[in-house]
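# Summary of structural features
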Amino acid sequence: MRQPQVMNLETIDRVGVVGAGTMGSGIAQVAATHGYDVVVRDIEAEFVERGLETIEDSLGRLGEKGALPDDPDSIRDRIEGTTDLETLADCDIVVEAAVENLEIKKDVFADLDEITGDEAVLATNTSTLSITSIAAATDRPEQVVGLHYMNPVPIMEGVEIVVGEKTDAEVVSLAHEFAEDMGKTTWEADDKPGFVTNRILMPWINEGIRAYDEGVASREDIDAGMELGTNVPMGPLTLADHIGLDVCLHASETLFEELGDRYKPAYLLKRKVEADELGKKTGNGFYEYD
């Protein structure tokens, strides 16, 4: 096993992002906004183009509000799209935001381990999967860390730093510094199922869904009760729609398998996903969207 040769924040210039979907495009946008050169890779050209269009739209809206440190075109020019993983070879840090599937992520990390430099840090945006298992696919588990951004990345302030069994302390410190340099606030979690956020969030969402399914209250009153009663910005049903009901179901099933009955997915959540009512991204979930 190679000895960790970890760079510091000052030497990070080029950031790789694997996955151009909602999370990947958001991570790329925020990194470029804060001055990093970014390479976004996905497996199909149409996925890359869609991700870049999402970034352009988001930058345009933020630019109109005066919420950017630079003009949108200059930020966009710092982002390169590709379908070739080899393009990430000279990246100083790579953040993987691919589909939430352990075997796929392990394959990606094994490939990244081969093509990136010895000092490169490899991070995963997984929300539930084991950092230690993902890191085991590489010869540099000390340089693998969890960087769990919240959705939507350009808006949400928080990033969860997840420490794998072999993650080096310097890599953990660098992960905090890197996220904070992008204007985020960080907290740290051990590599336990669900980490902090989803371990607590998924039972809350599922209980909101069960309350609605069992007729405790209307969807609007369930959300209003939680927003006004606990001072959260979104109730559980609205939040589930924004996250994506398929994402919520997958996270719940993973936690159910690891931690038992208290994480069992709500029946109505399964039914919605089977009906392809996934929330805001499909136009309907617990609510309807334009």
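Conventions used here
Residues numbered from 1 in each chain as written. Predicted model: local features only at pLDDT ≥ 70, side-chain atom pairs only at ≥ 80, totals over all residues. Heavy atoms only, no water. Core = buried A, V, L, I, M, F, W, Y, C linked by side-chain atoms within 4.5 Å. Buried < 20%, exposed > 50% of the residue type's maximum accessible area, 1.4 Å probe, protein only. Contact = heavy atoms within 4.5 Å. Helix = DSSP H or I, 4+ residues; strand = E, 2+ residues; numbered from the N terminus. Pairing = 2+ DSSP bridges. Right-handed = clockwise from strand over helix to strand, strands pointing away.

Per an unreviewed UniProt entry, the protein chain goes by 3-hydroxyacyl-CoA dehydrogenase and derives from Natrarchaeobaculum sulfurireducens.

### Overview of the nonpolar core
One finds Val-15, Tyr-36, Val-38, Leu-147, Tyr-149 and Phe-178 to be the most contacted residues of the largest nonpolar core, which totals 41 residues. Ignoring any residue separated from it by four or fewer positions in sequence, one finds Phe-178 in contact with Leu-9, Ile-12, Val-15, Tyr-36, Ile-93, Val-95, Leu-147 and Tyr-149. Membership of the second largest hydrophobic core comes to 19 residues, among which are Val-18, Phe-109, Leu-122 and Leu-129.

### Some details on the pairing of strand E5 (residues 121–124)
Along any regular strand, the residues point their side chains to alternate faces of the sheet. Here E5 shows two buried faces, one formed by Val-121 and Ala-123 and the other by Leu-122 and Thr-124. Across 4 bridges, the pairing between strand E4 (residues 93–96) and E5 is parallel. What sits directly across from Val-94, in E5, is Leu-122. Crossover connection from E4 via helix H4 (residues 102–115) to parallel E5: handedness right-handed. As paired strands, E5 and strand E6 (residues 144–149) are joined by 3 bridges and run parallel to one another. Paired with Thr-124 across the strands is Gly-146, a residue of E6.

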